[in-house]
Amino acid sequence: MNIVRLKARGSHLFLPLSVLAILIVINLIKGADYFSMTMINGALYGNIPNILFGASELVILAIGMTLVTASSRGQDISVGVAGAITSAVFVQILLGAGDITWLTILEGFLVSCVVGVLIGAFNGSLVAIFKVQPMVATLILFTAGRSISFMIDGKLSPVLANELTSQIGSVMPGVPIQTPIILTVIFIALVAVFLKTTNLRLYAETVGINEKAARLNGINPIQIKFFTYMILGVCCAVAGFIAVSKAGRHDSVNILKYIEMDAILAVAIGGNALSGGKFSISGSIIGAYTIEVLNRTFLRLEVETETIKAFKAVFIIILMVLASPVVREYIAKAKKKTGAGIEGGSAQKTGALHSSAASGPDAPAKKEV
Amino acid sequence: MRSQTISQKKEGISNSDLLFIIATVIFVLMYGFAIIRYPGSFLQFQTFFDLFSLNAPLIIITLGISIVMIGGGIDISVGAVTGLVTMCCALLLESGTGNIWGAMFLALGIGVAFGLLQGYLISYLDIQPFIITLAGMFLANGLLTTIHKDPINVTHVEFVALRDYEIVVPWLGTYNRLGNFIPLEIKLGTVVALALIVLLFVIMKWSRFGRNLYAVGGNSQSALMLGINVRKTKFFSYLLCGLLSGIAGFVYIMTTGAGNVGNASGFEMKAIAASIIGGTMLTGGVGNLFGSPVGALTLLTINELIRAAGVNSNYQAIVSGLLLYIFIVLQSVVVWLRGRGQFRLALPSWLVPVKKSS
């Protein structure tokens, strides 16, 4: 029974992992030197480090988005804008501080985190207290946010020209791995520890699956939703911090543009139901890296930049069709038919497959109710 | 007479109508404020109809998105599809082979194609609408930049005539500073938008499809148990939305006369905002199609007001956001209060406050 359960639980990672594998195979066919890395000025460069480097903001946002999706049954579309605002605050503090030391960077980062939490609290209050649909609630900031960040900037795009922030954006002396990758890993580890040591995971899932039942069981849905939005706010602040360090200047119009769509996509590719409930952070992380690999695969295959979006769309549609409950059920039925005569362990296996099909993207919420 | 007594017995007004009335009252108040503050410009009928003429595409898109939202879905591909349609029409007209009818059919065809694809995937394969329409947005955007990147100005003779054609209303006009009478001029896009508003309102209010859609949006489970074909209804709502984006694309190019990569970009979020201000709820089942143009006009009026005030254009977005905030909170409070009212009816009869009028 335990094995069956494990299989059902692990099946959500099957889709993103297989997609990732297919993409890597395509890349290998294109050129066998895909995994090769070179040392330049004491740091590793190559396809893999570049993917890890490029996806760092997306991964961080996808983590927060997964939590929000699980608890509030909706998505935050203001994450990119929130990152723009928090990074604007960060840049202003650095520029106001005069000479820049690690201490001022830390101070700026902490203040930007506070701003992120405030933004999260704003969205969270609308969603949790006023019971507004998350997408609608975050549409407010989505509309107004870039202008707010532009005004914090003072209508310029301030430049961060100093050693320390460029080290955060690229490589620190003596460390062979680019700093954003390290920051992302630290962030993932922190979230993992946080989820392991607290009950947040269980509570968020409970609230997402059935709010009333959660309330009857003594969990305050308002608090949980509020809290997940605040966590997302911190994620936005971290992502904004990394993005602005990478770019070296704060461009309110283009920083973290369209990343909200990619973040939601990462959550969906990771096998999470966008209608809330059970979630898997690892799925979302893999989903985020998959998106980055996908983008870079198109570049590597020399698809014209204008056409990339169309190919990406076709890819997403195929992926979602394969993952859709109807197709999954169909496949599971077909498998059951063919495997009907086989006895013992394999029969159990088909049972597991069937149950995994039932717990596809949309099913978990229904199943638990 | 009989129908009157029945309607009197019905309790109050529905959420849809209440939210619509709130939106309308706020729009009228805002326009009234605009007239008092800037009597020179806002008092002219031309200003009001210009709002309509120049933003007819947005209003049409808002209608489409409202229909999808009433059905409990969401469509964020509309802006990109509209942009794609404008570019395709411009290319067709400029290539010399096409005429206006061809362009019109092309526009409708593209819209319907996107509607069919998205509708099928969402309703029959049960895929989350957000992701599919996001992919649709990427697809339309990608095709747009693949087909052509540079702006095209359409010089097709008949089309230019159509673009510049304006309906003149001689009995509604204004005197300019020199005392010359200028009659009111209305673009064709306005007529299309107005006709669509009325047509779709009728469809949503009195047709079987419209009623089914409200039921599906309100609660798809109970709609299914009532024998409504939920999938088909949802499918048609997306199809209709796609068709409307096609029409909006043609109206767009009829208004501006040029195909451009940036055409209608960001319209999806504007349309969703307008729809919400107009009283449609994203949860589905609640909404009034007259509310959608009112919501769009409210957003546009506030932008015009800010432009007239001559302040930093960044405030436009911020004030739009603020307006949206007020509306969303207001809607939530209203629905909550009404929900509480309904709850009170479940109390014992001696606790129910006696209403004076029915």
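As the structure is a computational prediction, the values presented were derived from the model and not from experiment.

Cut-off values and rules
- All residue numbers refer to positions counted from 1 along the written sequence of the respective chain.
- To read the labels, note that chains go from A and ligands from 1, taken in the order they are written.
- Given that the model is predicted, a residue must reach a pLDDT of at least 70 before its local features are reported, and side-chain atom pairs must reach 80 or more before they are shown or counted; all residues, however, enter totals for whole chains, interfaces and linings.
- For helices the rule is a DSSP run of H or I covering at least 4 residues; for strands it is a run of E covering at least 2, with both sets numbered from the N terminus onward.
- Buried means a residue has 20 or more other C-beta atoms within 10 Å of its own C-beta, exposed means 12 or fewer, and partly exposed covers the counts in between; C-beta atoms are placed from the backbone.
- Any two residues are considered in contact once their C-beta atoms, placed from the backbone, lie within 7 Å.
- What we call a nonpolar core is a set of buried Ala, Val, Leu, Ile, Met, Phe, Trp, Tyr and Cys residues whose membership is set by joining through C-beta atoms within 7 Å.
- Between the first and last residue of a helix there are one fewer steps than residues, each counted as 1.5 Å, and that sum is the expected span.
- If DSSP finds at least two bridges between two strands, the strands pair.
- Fitting a line to C-alpha atoms yields each axis, with helices limited to the stretch in contact; the angle taken between N-to-C directions then spans 0 to 180 degrees.
- When describing relative orientation, an angle under 35 degrees is termed roughly parallel and one over 145 degrees roughly antiparallel, while 65 to 115 degrees is termed roughly perpendicular and anything else oblique.
- Left-handed describes a crossing whose near helix is turned anticlockwise from the far helix through less than a right angle; right-handed describes the clockwise counterpart.
- Three residue categories are used. Nonpolar comprises Ala, Val, Leu, Ile, Met, Phe, Trp, Tyr, Cys and Pro, charged comprises Asp, Glu, Lys and Arg, and polar comprises the others, including Gly.
- Every residue carries a pLDDT, the predictor's confidence in it, which falls somewhere between 0 and 100.

A. Expanded view of the overall build of chain A. When its secondary structure is counted, chain A shows 18 helices and two strands. Across the 369 residues of chain A, 49% fall into the buried class. Within chain A, contacts between residues at least 6 apart in sequence are counted, and of these 77% link residues at least 24 apart.

B. Representation of the nonpolar core. Leu61(A), Ala62(A), Ile60(B), Cys89(B) and Ile131(B) are the most contacted members of the largest nonpolar core, which has 193 residues in total. Take this core: its biggest share by element is 16 residues, from helix α12 (residues 221-247) of chain A. Those residues in contact with Cys89(B), other than ones at most four positions away along the chain, are Ala103(B), Leu106(B), Ala107(B), Gly249(B), Phe250(B), Ile253(B) and Gly259(B).

C. The arrangement of helix α2 (residues 15-37) of chain B in detail. Under the 1.5 Å per step criterion, the end-to-end length of α2(B) is 33 Å for 23 residues, consistent within 8% with the ideal 33 Å. The complete set of buried residues in α2(B) reads Ser16(B), Leu19(B), Phe20(B), Ala23(B) and Phe27(B).

D. Structural detail: the environment of Ser265(B). All names here are of chain B. Along the polypeptide, Ser265 turns up in the loop between β4 (258-259) and α14 (267-277). Here the alpha-carbon distance between Ser265 and Asn141, two residues 124 residues apart in the chain, equals 9.2 Å. Setting aside anything within four residues of it in sequence, one finds Ser265 in contact with Gly79 and Gly83.

E. Up close: the pairing of strand β1 (residues 37-40) of chain A. Residue and element names in this part refer to chain A. Of the strand pairs in this sheet, β1 and strand β2 (residues 43-46) are connected by four bridges, and their pairing is antiparallel. Its bridge partner lying in β2, Met37 is registered against Gly46. Count of turn residues in the β1/β2 antiparallel hairpin: two residues, of which Asn41 carries a positive phi of about 50°.

F. Region of interest: the packing of helix α6 (residues 78-95) of chain B against helix α7 (residues 100-124) of chain B. Residue and element names in this part refer to chain B. The geometry of α6 relative to α7 is characterised by a closest axis approach of 9 Å and an angle of 150° between their N-to-C directions. Classified by the interaxial angle, the pair formed by α6 and α7 is roughly antiparallel. In the packing of α6 onto α7, the handedness of the crossing is right-handed. The residues of α7 that touch α6, namely those facing Val81, Leu84, Val85, Cys88, Cys89, Leu92 and Leu93, are Gly102, Ala103, Leu106, Ala107, Ile110, Gly111 and Phe114. Residues that form the contact of α6 with α7 fall into these classes: 12 nonpolar, two polar and no charged.

G. The arrangement of the interface of chain B and chain A in detail. In this assembly, 35 residues from chain B lie in contact with 43 residues from chain A. Its residues assigned to classes, the side of chain B that touches chain A shows 22 nonpolar, 11 polar and two charged.

H. How the structure looks around the confidence of the model for chain B. Residues and elements named next belong to chain B. Put simply, chain B has an average pLDDT of 82, and 89% of its residues get 70 or more. Across chain B, the element-wise mean pLDDT spans from 44 in helix α1 (residues 2-9) up to 93 in helix α5 (residues 56-70). Low pLDDT (under 50) marks residues 1-10, which in the prediction has two contacts with non-local residues, meaning those over four places away or in another chain. Below pLDDT 50 for its whole length, residues 343-348 participates in three contacts with residues either more than four positions away or in separate chains.

I. Focus on helix α8 (residues 129-147) of chain B. Relative to the 27 Å expected for 19 residues at 1.5 Å per residue, α8(B) spans 26 Å between its end C-alpha atoms, a close match to the ideal helical length. Burial analysis of α8(B) places 16 of its 19 residues in the buried class, which makes it a mostly covered element.

J. Here's a closer look at the confidence of the model for chain A. Per-residue confidence for chain A averages 82 on the pLDDT scale, and 88% of its residues sit at or above 70. Low pLDDT (under 50) marks residues 1-8 of chain A, which in the prediction has nine contacts with non-local residues, meaning those over four places away or in another chain.

K. Structural context of the environment of Val198(B). With respect to the helices and strands, the residue Val198(B) is situated in helix α10 (residues 188-206). Here the alpha-carbon distance between Val198(B) and Leu289(B), two residues 91 residues apart in the chain, equals 8.7 Å.

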